[in-house]
Amino acid sequence: SQTIHQWPATLVQPVGSPLSLECTVEGTSNPNLYWYRQAAGRGLQLLFYSVGIGQISSEVPQNLSASRPQDRQFILSSKKLLLSDSGFYLCAWTHGRLSNQPQHFGDGTRLSIL
Amino acid sequence: DQQVKQNSPSLSVQEGRISILNCDYTNSMFDYFLWYKKYPAEGPTFLISISSIKDKNEDGRFTVFLNKSAKHLSLHIVPSQPGDSAVYFCAASAGAQKLVFGQGTRLTINP
């Protein structure tokens, strides 16, 4: 069966520091991968998605970037964090070649910027 | 522009009764709709989905209804159980596997 892992679970960072959140998927190949952010009391906002290695689409202009160095690895980064980057970050995957498939989420990273 | 809306931020239901969660959308190109359940500090868990060629899909205690003319879908949970207390998100896609989520409804099941 497929599993998705995100780490760390929580992170407290000062303003201006760099960020690297990692997500890996096991048990499938060539998945579509997604990064979402949930701000307090809000829905899930799609930040980035990827349909293959090195292929990244950005949904909203922001202080963050994403990379996919391997088929089942998705990384969310920032060079300098802002206070507004605080939130709950979620990674998700879905089958790459099938349509109308649900996305499956990791347990998320709670990021607090001080 | 909020393409998927859940207008009720919260809902309280007595244990054993029916819970009905509602969702409205504006994009007529959406053809796949999903419901997710989320506990605090966890990722959303997929519950049930429906494609636009159907108007109902059932899985155990969960039933999703789709009214395309009204651009409305609902999730029925019957009977409601204490473990159903969570935040529920509806989501929709237009064939590109990018999901648009609603803001969520917090469901509380009272004993």
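What you see is a predicted model, and the numbers here were worked out from it, not measured in a lab.

Asker: Which residues make up the overall build of chain A, and what values do they have?
Answerer: If you tally the helices and strands in chain A, you get zero helices and 11 strands. Element order for chain A, N to C, with α for helix and β for strand: β-β-β-β-β-β-β-β-β-β-β. The C-alpha radius of gyration of chain A comes to 13 Å, within 12% of the 13 Å expected for a compact globule of 114 residues. Counting only C-alpha atoms, chain A reaches 40 × 25 × 25 Å along its principal axes. For chain A, the proportion of its 114 residues judged to be buried stands at 47%. Put simply, of all contacts in chain A between residues at least 6 apart along the chain, 55% involve residues at least 24 apart. Split by element, the accessible area of chain A, about 5,400 Å² in all, is 51% carbon and sulfur. Separation of charge centres in chain A, based on 8 positive and 6 negative side chains, amounts to 7 Å.

Asker: Outline unusual backbone geometry, supporting the account with residue identities and numerical values.
Answerer: The general pattern is negative phi for most residues beyond glycine and trans for most peptide bonds. In this structure, the amide linkage connecting W7(A) to the following residue, P8(A), adopts the cis form with an omega of 0°. At N30(A), a residue that is not glycine, the phi angle is positive and equals roughly 50°. Within the secondary structure, N30(A) sits in the loop between β3 (19-26) and β4 (32-38). On the basis of relative accessibility, which here comes to 24%, the residue N30(A) falls in the partly exposed class. A positive phi is found at A41(B), a non-glycine position, where the angle reads about 60°. Residue placement: A41(B) occurs in the loop between β4 (32-38) and β5 (45-51).

Asker: Explain a nonpolar patch on the surface to me, using residue names and the numbers behind them.
Answerer: Side chains of I18(B), I20(B) and V78(B) sit close together on the surface and give an oily, nonpolar patch of about 230 Å² of accessible area. Turning to its location among the elements, I20(B) is positioned in strand β3 (residues 19-25).

Asker: If you had to explain the layout of surface pockets to someone new, which residues and values would you point to?
Answerer: Estimates place the volume of the largest pocket at around 580 Å³. If you go around the largest pocket, you meet 23 residues; those closest to its centre are L44(A), Q45(A), L46(A), V100(B) and F101(B). Looking at the lining of the largest pocket, the elements that each hand over two or more residues are β5 (44-52) of chain A together with β9 (86-93) and β10 (100-101) of chain B. A class-by-class count of the residues in the lining of the largest pocket yields 11 nonpolar, seven polar and five charged. Within this model, the second largest pocket holds a volume of roughly 340 Å³. Along the wall of the second largest pocket there are 21 residues; nearest its centre are Q38(A), G41(A), V87(B), F89(B) and R106(B).

Calculation criteria
Residues numbered from 1 in each chain as written. Chains lettered and ligands numbered in written order. Predicted model: local features only at pLDDT ≥ 70, side-chain atom pairs only at ≥ 80, totals over all residues. Heavy atoms only, no water. Helix = DSSP H or I, 4+ residues; strand = E, 2+ residues; numbered from the N terminus. Rg over C-alpha atoms; globule rule 2.2 N^0.38 Å. Buried < 20%, exposed > 50% of the residue type's maximum accessible area, 1.4 Å probe, protein only. Contact = heavy atoms within 4.5 Å. Areas by Shrake-Rupley, 256 points an atom, 1.4 Å probe, with all protein chains shown as cover. Lys, Arg positive; Asp, Glu negative; His and termini not counted. Charge placed at Lys NZ, Arg CZ, Asp CG, Glu CD. Patch = residues over 30% accessible without salt bridge, like charges linked within 9 Å, V, L, I, M, F, W, Y side chains within 5 Å. Salt bridge = Lys/Arg side-chain N within 4 Å of Asp/Glu carboxyl O. 1 Å grid on protein atoms, 1.4 Å probe; cavity = no way out; pocket = protein on both sides within 12 Å on 5 of 7 lines; lining within 4 Å. Points joined across faces, edges and corners; volume = space filled by probe spheres on them. Nonpolar A, V, L, I, M, F, W, Y, C, P; charged D, E, K, R; others polar.

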